[in-house]
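A closer look at the structure
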Amino acid sequence: MSILSLKDVSYTYKSRYQTVQAVKNASYSFQQGKVYAIVGKSGSGKTTVLSLLAGLDLPSDGQVVYNGTPTGKMDRDKYRREDVAVIYQAYNLFPLLTALENVMYPLELKGVKAKEARAKAAEMIESVGLTEEVFKRYPAMLSGGEQQRIAIARALAAQPKVILADEPTGNLDTENGANIVNILKSLAHEKNCCVIIVTHDLAIAEQADVVLRMQDGEMATA
Amino acid sequence: MDGNTQGLDIEEQTIKGLEESGFVREGIYTRKIWGMVGPWQELAGTQLSNKIYNSPRLIGANSITPFALPPEIMDGYDESLFASAEKVCLVSEDSLGLYGLAIGDELQYTAVSDWRNVRHSSVSLKIVGTYESPFRPAAIYCPLDVVTALYRELDLPVLTDSASFILQNTQELNQFRDLLKNLNFVNQQAGSGSNYKQLSFIISDRLLKNATASVQSYIDFTTALYPVIYLLCAGIGFVVSYLLIRIRKPEFAIMRSLGTSKVLTFLIFFSEQGVLCLLGAALGIFLTLATAQHISAQQFVTVIGYVVFYLVGASIAILAMNRVNVMQILTAKE
């Protein structure tokens, strides 16, 4: 069953000198329980699609539909709080919060009480293979792999149905990268999440259930 | 001051009262006595009157201030000689020639009680300096205590013919003026002539007025600058808060990507800037109170103005931040 879909989505923006059509009439339906890889060269429109799927932006034409509701007609802040989570190459953790506090943030944003949020955050951190030792460490005190796991734990904390990942292994070594991909795969196959990974790494793309290729703003199944 | 001024006759009790009033920091006095240079001469009637009239008066002073031009004083003495009771004097340059005297010589002066029923007393004064005077005969100046001693020897009431006071606190000028009126002094405008029947006082507050006029013009200038200062505050507030927020752009983007609403993001950053600004303002007020012991209403209004404009600047900066492309910030590759 489709949980998230692109319906004739186009996205145009104006730069200083020209108008750029980053996405052209893209249509696709994403389902729960599957891992999708969107591959393509730099500037092909991958990240723009991710931004539209995350509700951080609205398409110029067409619709992004989540569970039957276009993102343009919903509270997109609530959508990002509860239904979708984004994982980035640069981890993007709050530098002045500890690992545990970083994971607690989306829970507190949802209104979960501090004590409950703390317990839930601890559980999430342990679920991505980290121990209690990292709870009180600040991001700068963690390795790249550990930071990305904390970022995944934070993404999972609010129990989203859709997980978007932008080059999640881009800053990691092969072993750590493989671990992260395995975590994402298990989220799709065991937790029934819809995982969409934007990458230019074909090794990662090969592990996805579906590979989508983007070229000059157009999307097609590989 | 010159040697021929008639001056006033201020009783010793009055001077003492003013000195003990608490308003006065320092008093500068002159006290004159009539007489003749040299030993007593047995003269009477008109001859005596003419002799005294044509002789220099002996003026005691407790400060060098009365001289329009600084006198020349011989080595071993200085301006402090007037504060002592030493038997020394300053004479006019003309008098040296007139009496055939030189610096360092002794000059005998015979003071008289009055011009008719004369009692007299002599004092020998060492000439330790000269001064310039256009008058003939020019007065002989000596320490105030020397003349006071002559008054006492002649059994005369000790009268002061000029008194200047430096106040402890110029802010108490009006209270001092009231005290003088209570002591039956009359206010005499400078340059309007003398009052022979009553004691008069002249308040020479020209320096004070000049100073206050200068301060007032500075205050006026500062007041005129207030709008500029406020605008500067607004600009500084905007720039500081904008830069503080700008360096936290990634945090802002993370918050937005995690679903923090624009309103909540605004409130978080605004309250943070507000706390910083208020702490800074409180510290400024504390330091002002600690150093100046006082903060004026105008200064307080300036602080409030700064806080308001800082927060307005911060608001604009945060609103501007709300328009950034979150994805662009978060997907910037390392």
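Note that the coordinates shown come from a computational prediction; the quantities given were computed from them, not determined experimentally.

We now examine the interface of chain A and chain B. Taken together, the contact pairs 21 residues of chain A with 15 residues of chain B. Contributions of two or more residues to the side of chain A that touches chain B are made by α1 (46–53), α2 (76–82), β6 (84–88) and α3 (99–109) of chain A. By residue number, the principal contributor to the side of chain A that touches chain B is α2 of chain A, which donates four residues. Split by residue class, the side of chain A that touches chain B holds nine nonpolar, six polar and six charged.

So, about unusual backbone geometry. All names here are of chain A. Phi is positive for Asp-8, close to 50°, though the residue is something other than glycine. Mapped onto the secondary structure, Asp-8 falls in strand β1 (residues 2–14). Judged by C-beta crowding, with 12 C-beta atoms within 10 Å, Asp-8 ranks as exposed. A positive phi angle, near 50°, is found at Gln-159, a position not held by glycine.

Let us now look at the environment of Ile-64 of chain B. Residues and elements named next belong to chain B. Take Ile-64: it is sitting in the loop between β4 (58–61) and β5 (72–73). Classification of Ile-64 by C-beta neighbours within 10 Å gives partly exposed; the count is 19. Once the C-alpha coordinates of Ile-64 and Pro-143 are considered, the two residues, 79 residues apart in sequence, prove to be 9.7 Å apart.

Attention shifts here to the packing of helix α5 (residues 144–157) of chain A against helix α6 (residues 174–189) of chain A. All names here are of chain A. At a closest axis distance of 10 Å, the pairing of α5 and α6 adopts a crossing angle of 10°. Classified by the angle their axes make, α5 and α6 are roughly parallel. Note on packing geometry: the crossing formed by α5 with α6 is right-handed. Contact with α5, carried on its side by Gly-144, Gly-145, Gln-148 and Ile-152, involves Asn-176, Asn-179, Ile-180 and Ile-183 of α6 and no other residues of that element.

All right, on to the sheet that holds strand β7 (residues 162–166) of chain A then. Residue and element names in this part refer to chain A. Reading across from one edge, β6-β7-β8-β3-β9-β10 is the order of the six strands in this open sheet, with mixed pairing throughout. Strands at the two margins of the open sheet, each flanked by one partner only, are β6 and β10 (218–221). Looking at each pair of strands side by side, their axes are set apart by 20° on average, direction ignored. For strand β3 (residues 35–40) and strand β9 (residues 210–215), the ladder comprises five bridges, and the chain directions are parallel. Counterpart to Ile-38 in the pairing with β9 is Leu-212. Contacts from α6 reach β3, β7 and β8 (194–198), with the element oriented near 150° to β8.

Calculation rules
- Residues numbered from 1 in each chain as written.
- Chains lettered and ligands numbered in written order.
- Predicted model: local features only at pLDDT ≥ 70, side-chain atom pairs only at ≥ 80, totals over all residues.
- Contact = placed C-beta atoms within 7 Å.
- Helix = DSSP H or I, 4+ residues; strand = E, 2+ residues; numbered from the N terminus.
- Nonpolar A, V, L, I, M, F, W, Y, C, P; charged D, E, K, R; others polar.
- Buried ≥ 20, exposed ≤ 12 C-beta atoms within 10 Å, placed from the backbone.
- Axes fitted to C-alpha atoms, helices over the stretch in contact; angles between N-to-C directions.
- Parallel < 35°, antiparallel > 145°, perpendicular 65-115°, else oblique.
- Left-handed = near helix turned anticlockwise from the far one by under 90°.
- Pairing = 2+ DSSP bridges.

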